[in-house]
Amino acid sequence: MNCKRFVLMLAMLLISLSCAATGFEFSDMQGKAQRLSDYKGKWVLVNFWATWCPPCLEEIPDLVEMYNSHRTGNISVIGVAMSSPTDTVKAFVKQMEISYPIVLGSDAIAAQIGRIDALPTSYLYDPSGKLVTFQVGMITRDAIENYIRAKSKK
């Protein structure tokens, strides 16, 4: 595959991810219906994870801490629990004291944002709701906050 074709395919993928996410709709574990567009004005991290995933378990305390410290500010987190039974997720959320909204994930929910090839996978949206970056693999609070600080200075 030549370079121009690869760049075009990558651009199309990013555009499709961005378009798909504007309609991202879900119900959290409390049954509250929400949309990504409800979070306009905030940076939103959508984090796909599973209870059986070691790097996911490692990053969750950082995400909880970030969410709690920015709860009334400009950063929010939505956790999407993939491939775990509902009772297992509920017990895990309670044990880990996860305070941000948790969605019981499925392929249909994931498809609203993009392809999930590995866990954890995180998508970051700017305050206008535009996808600005994503990461396959573990992410940290420092990395997210540093990225947002750098983008906010521009």
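Attention in this report is confined to the structure presented alongside it.

Here is what the cut-offs are and how they apply
- Residues numbered from 1 in each chain as written.
- Predicted model: local features only at pLDDT ≥ 70, side-chain atom pairs only at ≥ 80, totals over all residues.
- Heavy atoms only, no water.
- Helix = DSSP H or I, 4+ residues; strand = E, 2+ residues; numbered from the N terminus.
- Buried < 20%, exposed > 50% of the residue type's maximum accessible area, 1.4 Å probe, protein only.
- Contact = heavy atoms within 4.5 Å.
- Areas by Shrake-Rupley, 256 points an atom, 1.4 Å probe, with all protein chains shown as cover.
- Core = buried A, V, L, I, M, F, W, Y, C linked by side-chain atoms within 4.5 Å.
- Salt bridge = Lys/Arg side-chain N within 4 Å of Asp/Glu carboxyl O.
- Pairing = 2+ DSSP bridges.
- Axes fitted to C-alpha atoms, helices over the stretch in contact; angles between N-to-C directions.

Re the overall build of the protein chain
Along the protein chain, the regular secondary structure elements total five helices and seven strands. Put simply, the protein chain runs from its N terminus to its C terminus through helices and strands in the order α-β-β-β-α-β-α-β-α-β-β-α. In the protein chain, which comprises 154 residues, the share counted as buried stands at 41%. Sequence-distant contacts in the protein chain: of pairs separated by 6 or more residues, those separated by 24 or more amount to 68%. If you sum the accessible surface of the protein chain, you get close to 8,500 Å²; carbon and sulfur atoms cover 56% of it.

Here's the deal with the nonpolar core
Of all hydrophobic cores here, the largest spans 25 residues; its most connected members are Trp-49, Ile-98, Tyr-100 and Ile-102. Listed by contribution, the elements that provide at least two residues to this core are strand E3 (43-49), helix H2 (54-70), strand E4 (75-81), helix H3 (86-96) and helix H5 (141-153). Considering each element in turn, this core owes the most residues, six residues, to H2. Not counting residues up to four positions away in its chain, the partners in contact with Trp-49 are Cys-56, Ile-60, Gly-79, Val-80, Ala-81, Met-82, Val-89, Phe-92, Ile-102 and Leu-119. Among the nonpolar cores identified, the runner-up in size contains 17 residues, and Phe-24, Leu-36, Ile-109 and Ala-110 belong to it.

Let's talk about the pattern of salt bridges
Across all of its chains, the model carries three salt bridges by this definition. We note a salt bridge from Glu-65 to Arg-141, for which the minimum N-O separation is 2.7 Å. Taken as a pair, Glu-65 in helix H2 and Arg-141 in helix H5 lie far apart in primary sequence, 76 residues in all. Given the relative accessible area of 46%, Glu-65 is considered partly exposed. Arg-141 sits in the buried class, given a relative accessible area of 15%.

Focus: the sheet that holds E3
Read across the sheet, five strands follow the order E5-E4-E3-E6-E7 without closing on themselves; strand pairing throughout is mixed. Every interior strand has two partners, whereas the edge strands, strand E5 (102-104) and strand E7 (131-136), have only one. The average angle at which neighbouring strand axes cross in this sheet is 15°, direction not considered. Of the strand pairs in this sheet, E3 and strand E6 (residues 121-125) are connected by five bridges, and their pairing is antiparallel. Its bridge partner lying in E6, Val-44 is registered against Tyr-125. Where H3 meets the sheet, its contacts fall on E3, E4 and E5, and the angle it forms with E5 comes to roughly 165°. Along the sheet, H5 contacts E3, E4, E6 and E7; its crossing angle with E3, the most-contacted strand, is approximately 150°.

Without other data, these values stay purely geometric and don't point to any function.
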